[in-house]
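# Close look at the chain arrangement
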Amino acid sequence: MTIADYLREEGRREGRLAGEREGRLEGQRSTLLKLLRLRFGELPELIEARIRAADAAQIEGWTERVLTAPTLDDALAER
C-alpha cells in the first residue's frame, strides 16, 4: 500500500465516522424534539432552531430534564 492509498483510506474512514456521529446526533435531536412536543405541545420555531444547532452535550442535558422540568424554559435551561 502506498502512502497515498493509506491517506485516502484514512480519509474515507474518518469521513464514515464523522457521518455516523452526525447521524446519531441528528437522531438524538429528533427524539428530544418529539419528547418536548409530547410534554409541552407545539414548539416555537426559535426553540426548534436552538435544538437543531445544539451540540451533543446540550442535547444530552436537555433530554435528561425533559420529563422532570415543570416548563419548557426549565427543560432547556443552560446549566
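Shown above is the structure to which this text applies.
Residues numbered from 1 in each chain as written. Predicted model: local features only at pLDDT ≥ 70, side-chain atom pairs only at ≥ 80, totals over all residues. Heavy atoms only, no water.

### Some details on the overall build of the protein chain
- A tally of regular secondary structure across the protein chain gives 4 helices and 0 strands.
- In the protein chain, the succession of helices and strands from N to C terminus is α-α-α-α.
- A compact globule built from 79 residues should have a C-alpha radius of gyration of about 12 Å, whereas the protein chain, at 18 Å, is more than 25% larger.
- Principal-axis analysis of the C-alpha atoms places the extent of the protein chain at approximately 60 × 20 × 15 Å.
- The buried share of the protein chain, taken over its 79 residues, is 25%.
- Across the protein chain, every contact between residues at least 6 apart in sequence was considered, and the portion connecting residues at least 24 apart equals 55%.
- Just so you have it, the protein chain exposes about 5,700 Å², and 56% of that area is on carbon and sulfur atoms.
- One finds the centroid of the 14 positive side-chain charges in the protein chain at a distance of 3 Å from the centroid of its 16 negative side-chain charges. (Helix = DSSP H or I, 4+ residues; strand = E, 2+ residues; numbered from the N terminus. Rg over C-alpha atoms; globule rule 2.2 N^0.38 Å. Buried < 20%, exposed > 50% of the residue type's maximum accessible area, 1.4 Å probe, protein only. Contact = heavy atoms within 4.5 Å. Areas by Shrake-Rupley, 256 points an atom, 1.4 Å probe, with all protein chains shown as cover. Lys, Arg positive; Asp, Glu negative; His and termini not counted. Charge placed at Lys NZ, Arg CZ, Asp CG, Glu CD.)

### Focus on helix α2 (residues 45-53)
- Within the span of α2, buried status applies to I47, E48 and I51. Take α2 and look down its axis: the buried residues cluster within an arc of 100°, on one side only. Facing away from the buried surface of α2 by more than 90 degrees, the exposed residues are E45, L46 and A53.
- Taken together, the buried residues of α2 touch α1 (3-40), α3 (56-65) and α4 (72-75). (Arc of directions from axis to C-beta.)

### With respect to the packing of α1 against α3
- In the contact formed by α1 and α3, the axes pass within 10 Å of each other and the chain directions differ by 30°. One finds that α1 runs roughly parallel with respect to α3. Crossing angle aside, the handedness with which α1 passes α3 is left-handed. Residue-level contacts link L25, Q28, R29, L32 and L35 of α1 to A56, I59, W62 and T63 of α3.
- Of the residues contributing to the contact of α1 with α3, the split by class is 6 nonpolar, 2 polar and 1 charged. (Axes fitted to C-alpha atoms, helices over the stretch in contact; angles between N-to-C directions. Parallel < 35°, antiparallel > 145°, perpendicular 65-115°, else oblique. Left-handed = near helix turned anticlockwise from the far one by under 90°. Nonpolar A, V, L, I, M, F, W, Y, C, P; charged D, E, K, R; others polar.)

### What about α3?
- Along α3, the positions that sit buried rather than exposed are I59, G61, W62 and R65. Down the axis of α3, the sector holding all buried residues measures 165°, keeping them to one side. Opposite its buried face, α3 presents the exposed residues A57, E60 and E64, each directed more than 90 degrees away.
- Measuring from the backbone nitrogen of A57 back to the side-chain oxygen at the start of α3 gives 3.1 Å, which picks out D55 as the cap. (Polar contact = N/O pair within 3.5 Å; in protein donor to acceptor, adjacent residues only side chain to side chain.)

### Re the nonpolar core
- Ranked by internal contacts, the top residues of the largest apolar core, which has 15 residues, are L32, L36, I51, I59, W62, L72 and L76.
- At the level of secondary structure, the elements contributing two or more residues to this core comprise α1, α2, α3 and α4.
- No other element matches the 4 residues that α1 contributes to this core.
- Setting aside residues up to four positions removed in sequence, L72 forms contacts with L36, F40, L43, P44 and I47. (Core = buried A, V, L, I, M, F, W, Y, C linked by side-chain atoms within 4.5 Å.)

Without other data, these values stay purely geometric and don't point to any function.
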